[in-house]
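# Descriptive structure summary
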Amino acid sequence: MRHDHLITSKQLSRADIETVLDYAAEIDADPSAVANRHVGTVLGLLFFEPSTRTKMSFETAMKRLGGDIVDMGSVESSSVTKGETLADTVRVIEGYADALVLRHPKQGSATMASEFVDVPLVNAGDGAGHHPSQTLLDLYTIRENAGLDDLTIGIMGDLKYGRTVHSLAYALTNFDTRQHFISPESLQLPREVVYDLHQQQDGTGIREHDALEEVLPSLDVLYVTRIQRERFPDENEYQKVAGEYQIDAETLEAASDDLTVMHPLPRVDEIAPEIDETDHAAYFEQAHNGVPIRMALLDLLLSDDAEIRGDGDE
C-alpha cells in the first residue's frame, strides 16, 4: 500500500484492501504488539461536521499506537468563523501534526485539501462524496461474517447522498460480488456512480430495486443506511421518503438465517431495536472494528517499514 493520502476507495486495489484488513486482524488479536510504534507522533483532527464513531475511533487508534492528537474543535470555536479558508486551515495544522484526518460538508474538499499538505491526509467524509476508512472497516466486518468473494450484498436507504455507500460500492468491485441497490427513486445512486460500477464489473453484478422483498432471500449481507435529513436541500423532499425503508423482525422472516445486517450508524428508525439481540446484527461490531482498522491504516500511512506494508522480503 503506497499512498500519500487516502481520499477515496477508488484508489485502493484488492491487494491494498487485503493488506489493511490482514494487518487490522493482527492488531485486533494483539493490540499490545503495536502499542509503542508511534510514540511522539501527532494526528490532527479537522472535523467540520459532527462525528462520534469516526472521530473517537481515530483518536483511540492514534493513542493505542502510542501517539497523540490535536483537535481543531468545533467550527464555531475555530478561525473558520473569521473567514479562514480550508486551504489555509490545513496548511496551519500540518505544522502541528504528522498526519491529518479531515471531515467536511463539501464534496471534493479532501481532494483539494490534500493538494496543500505534505503529510498524509485521510478523508473522513466529504459531503455526499466518499468515506474510505469507513469502507475498510465495513469490508473487515463483512469478511469476518460472510467473506468477500461469492458474496451477494444488498445496500439499502439513502444511496444518493450516502458517502459510505459510494465508497463501499466502488471497493466491492475488487471482489466477486453481486450488489443490489434498494432505494426510493429519488434517492437512487448517482448515475455517474452506476456508470462507473458497470464499467468496473463489465455490467454484471449491479442491480437496482425499489423494494427489499424481491432480493432479501438471496442476500448474504444487508447494509442499511439512514435517510440523511441534513443532506436534503428541501425539507419537503425529506419528508416524502423519511421512514420509508425499515427493518424489523417481521421483515427478516424471509431472510437467510445467515444474513448479516450492517449499518454505518447513527440509525434513526431504519432498524428496529429488536434486531439488536439477534444473530443478524453486526452494526455494533462494525463500529468497534473502526479502531483496529484505523490503527492499521495510520501505521501503514505513517511507517516506512516495508514488512508492514506487505512488500518485505518474507
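Nothing here was measured: the structure is a model prediction, and the numbers come from that model.

Our next topic: helix α3 (residues 86–94). Residue pairs three or four apart in sequence face the same way in an α-helix, which turns once every 3.6 residues. Within α3 the residues assigned to the buried category are Leu86, Ala87, Thr89, Val90, Ile93 and Glu94. Projected onto a plane normal to the axis of α3, the buried residues spread over an arc of 165° and lie on a single side. Elements in contact with the buried residues of α3: β1 (42–47), β3 (99–104) and α4 (109–114).

Our focus in this paragraph is helix α1 (residues 14–29). For α1, built from 16 residues, the straight-helix expectation of 22 Å at 1.5 Å per residue is met to within 8% by its first-to-last C-alpha distance of 22 Å. Of all the residues in α1, the buried ones are Asp16, Ile17, Thr19, Val20, Leu21, Tyr23, Ala24 and Ile27. Where α1 is buried, its residues contact α5 (132–146), α6 (163–172) and α10 (290–302).

What follows deals with the packing of aromatic side chains. Applying the stated criterion to the full structure yields 1 aromatic pair. Positioned above the aromatic ring of tyrosine 170 is the side chain of lysine 10, whose terminal nitrogen or guanidinium carbon lies 4.8 Å from the ring centre.

At a minimum axis distance of 9 Å, the contact between α5 and α6 shows a crossing angle of 60°. Taken together, the axes of α5 and α6 lie oblique to each other. Our pair here, α5 against α6, has a crossing hand that is right-handed. Contacts between α5 and α6 involve Pro132, Gln134, Thr135, Asp138, Leu139 and Ile142 from the first element and Thr164, Ser167, Leu168, Ala171 and Leu172 from the second.

Strand pairs in the sheet, formed through backbone hydrogen bonds, run parallel or antiparallel to each other. Taken together, 4 strands build an open sheet; the order of strands is β2-β1-β3-β4 and the sheet is parallel. Each having just a single partner strand, β2 (68–71) and β4 (121–126) make up the two edges of the open sheet. Adjacent strand axes in the sheet meet at a mean angle of 20° when their direction is disregarded. Here β1 pairs with β3 via 5 bridges, running parallel. Considered in β3, the bridge of leucine 43 is made with alanine 99.

This part is about the packing of α5 against α10. Following both chains from N to C, one finds α5 and α10 inclined at 120°, their axes separated by 9 Å at the closest point. On the basis of the axis angle, α5 is oblique to α10. Two packed elements cross with a definite hand, and for α5 against α10 that hand is right-handed. Here Ser133, Gln134, Leu136, Leu137 and Tyr140 of α5 come into contact with α10, specifically with Gly290, Ile293, Arg294 and Leu297. For the contact of α5 with α10, the per-class residue count stands at 5 nonpolar, 3 polar and 1 charged.

What counts as what
- Residue numbers restart at each chain and count upward from 1, following the sequence in its written direction.
- Local features in this predicted model are restricted to residues whose pLDDT is 70 or higher, and side-chain atom pairs enter the listing and the counts only when it is 80 or higher, whereas totals over whole chains, interfaces and linings include all residues.
- As a convention, hydrogens and water are excluded, and side-chain values are obtained from all of the structure's heavy atoms.
- Type-normalised accessible area, obtained with a 1.4 Å probe on protein chains alone, sets the label of each residue: buried when under 20%, exposed when over 50%, and partly exposed for intermediate values.
- Going along the chain from the N terminus, every DSSP run of H or I of four or more residues is numbered as a helix, and every run of E of two or more is numbered as a strand.
- Arc definition: directions from the helix axis to the C-beta atoms.
- When checking whether two residues touch, look at their non-hydrogen atoms; a contact exists if any pair is within 4.5 Å.
- For a helix, the expected span equals 1.5 Å multiplied by the number of residues minus one.
- In this analysis, rings of Phe, Tyr and Trp, with Trp reduced to its six-membered ring, are considered paired at centre separations within 6.5 Å, and the interplanar angle assigns stacked below 30 degrees, edge-to-face beyond 60, and tilted for intermediate values.
- Whether a charge sits over a ring depends on NZ of Lys or CZ of Arg being within 6 Å of the ring centre and within 35 degrees of the ring normal.
- Axis definition: a line fit to C-alpha positions, over the contact stretch in the case of helices; interaxial angles, taken between N-to-C directions, run 0 to 180 degrees.
- Oblique is the label for every angle not falling under 35 degrees (roughly parallel), over 145 degrees (roughly antiparallel), or within 65 to 115 degrees (roughly perpendicular).
- The crossing is said to be left-handed when, going from far helix to near helix, the turn is anticlockwise and less than a right angle, and right-handed when the turn is clockwise.
- Note on pairing: two strands pair once DSSP finds at least 2 bridges between them.
- Lys, Arg, Asp and Glu make up the charged group, whereas Ala, Val, Leu, Ile, Met, Phe, Trp, Tyr, Cys and Pro make up the nonpolar group; the residues left over, Gly among them, are polar.

Purely geometric stuff here, so don't read any function into it on its own.
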